[in-house]
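Reading the structure
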Amino acid sequence: MYLRSRDKTLDLTTPQVMGILNVTPDSFSDGGHFANVDKAFKQASKMVEQGATIIDIGGESTRPGAADVATQEELDRVIPVIEKMSQHLDCWISIDTSKAIVMTEAVNAGAHIINDVRALQEEGALQAAVAAGVPVCLMHMQGAPRSMQTAPEYTDLLKEVQSFLLQRAQVCIKAGIKKDNIILDLGFGFGKQLKHNFELLSATKQFVTLGYPVLTGVSRKSMFGQLLNRDINGRLAGSLAGALIAIQQGSQIIRVHDVAETIDIIKVLQEVNSFN
Ligand code: 9MG
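These numbers come from a predicted model, not from an experiment.

Each value, and the rule that gives it
Residues numbered from 1 in each chain as written. Predicted model: local features only at pLDDT ≥ 70, side-chain atom pairs only at ≥ 80, totals over all residues. Heavy atoms only, no water. Near = heavy atom within 4 Å. Polar contact = N/O pair within 3.5 Å; in protein donor to acceptor, adjacent residues only side chain to side chain. Areas by Shrake-Rupley, 256 points an atom, 1.4 Å probe, with all protein chains shown as cover. Nonpolar A, V, L, I, M, F, W, Y, C, P; charged D, E, K, R; others polar. Core = buried A, V, L, I, M, F, W, Y, C linked by side-chain atoms within 4.5 Å. Buried < 20%, exposed > 50% of the residue type's maximum accessible area, 1.4 Å probe, protein only. Helix = DSSP H or I, 4+ residues; strand = E, 2+ residues; numbered from the N terminus. Salt bridge = Lys/Arg side-chain N within 4 Å of Asp/Glu carboxyl O. Disulfide = S-S within 2.5 Å.

Attention shifts here to the site of the ligand. Taken together, Thr-62, Asp-96, Asn-115, Val-117, Cys-137, Met-139, Asp-185, Phe-190, Leu-215, Gly-217, Lys-221 and Arg-255 form the complete shell of residues around the ligand. A distance of 2.5 Å separates a nitrogen atom of the ligand from a polar side-chain atom of Asp-185. Lys-221 is positioned with one of its side-chain polar atoms (N or O) 2.6 Å from an oxygen atom of the ligand. Protein chains shield 96% of the accessible area of the ligand, which is 310 Å² for the free molecule. A per-class count over the shell around the ligand returns 5 nonpolar, 3 polar and 4 charged.

With that settled, the discussion passes to the nonpolar core. If you look at the biggest cluster of nonpolar residues, it comprises 73 residues, and the most contacted ones within it are Leu-21, Met-85 and Leu-120. With 7 residues, the single largest contributor to this core is helix H5 (residues 157–175). In this structure, Leu-10, Ile-54, Ile-183 and Ile-253 belong to the second largest nonpolar core, which totals 11 residues.

To continue, consider the environment of Lys-42. Tracing the chain through its elements places Lys-42 in helix H1 (residues 32–50). Overall, Lys-42 belongs to the exposed group, its relative accessible area being 54%. Separated by 43 residues in the primary sequence, Lys-42 and Met-85 have C-alpha atoms spaced 9.5 Å apart.

Evaluated as defined, the whole model comprises 8 salt bridges. Two residues, Glu-60 and Arg-118, come together in a salt bridge whose shortest N-O distance is 3.7 Å. Separated by 58 residues along the polypeptide, Glu-60 in the loop between strand E4 (54–58) and helix H2 (71–88) and Arg-118 in the loop between strand E6 (113–116) and helix H4 (125–132) bring together distant segments of the chain. Overall, Arg-118 belongs to the buried group, its relative accessible area being 15%.

A complete count under the given rule lists 0 disulfides for this structure. Considering cysteine sulfurs only, Cys-137 is the nearest to Cys-172, which forms no disulfide, with 11 Å between them.

One non-glycine residue, Leu-120, lies in the positive phi region at around 60°. One can find Leu-120 in the loop between E6 and H4. For Leu-120, a relative accessible area of 3% translates into the label buried. At Asn-229, a residue that is not glycine, the phi angle is positive and equals roughly 60°. For Asn-229, the location among the structural elements is in the loop between helix H8 (222–228) and helix H9 (236–248).

The following block contains the structure:
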């Protein structure tokens, strides 16, 4: 399985690491505009050196309860960083946004993937993604970031997540996005209780068999905080275990904060698999 965008091809027969680059005020906000672009660029360069093949850049927090960000503010945060990355770094750039204008501008600035936690359901998003002609990541979420963790309930979790993703994929295909350019994501932590997150993780293989690349994002998420009673700084072991489980079940792209450690577990797994 391959992803293709612009002049790039990404071989998904080996797991690919997507490094997370948040350019929200809580991540880079102390040194003024240019200093912040520079810091974000350095962070991206470090993740690429550590082995990330994709950098996912986001200017709007999607954490539970996070406030909305105005379009111009989001553009001001992400576009200068994307421009600098596309000039100086050899990696795939993914834009984490749900806004049509940000998608268009980000791809014009050099982004290769659109990562949308709202699965291209916002106004104009689907049309913007079709026009951009790059791969898209469609994520499942119950509710919206502001309220999604209030009381998420499912009658049949796996069936509901799967039918949502397949239905969104069909909408995208009908609108003109190639099947090969559609990535599915189970949406860990997005409108899910602890038990839902772990049931989904255990069922990763079922989603992989649908024939689309599967992206897994469990890095530092509250599912490990709750299970292991750890704050955000104590979730590395849980996140690596989650990544390993997803990879062993066939997930091709792993979205993480801790790139070097994730690359290590992939190397261990590849060494073991070389004997089979
Ligand atoms: C932006 N963002 C935060 N968590 C995410 C996840 O799990 N998947 C994707 N695709 N994006 C995410």
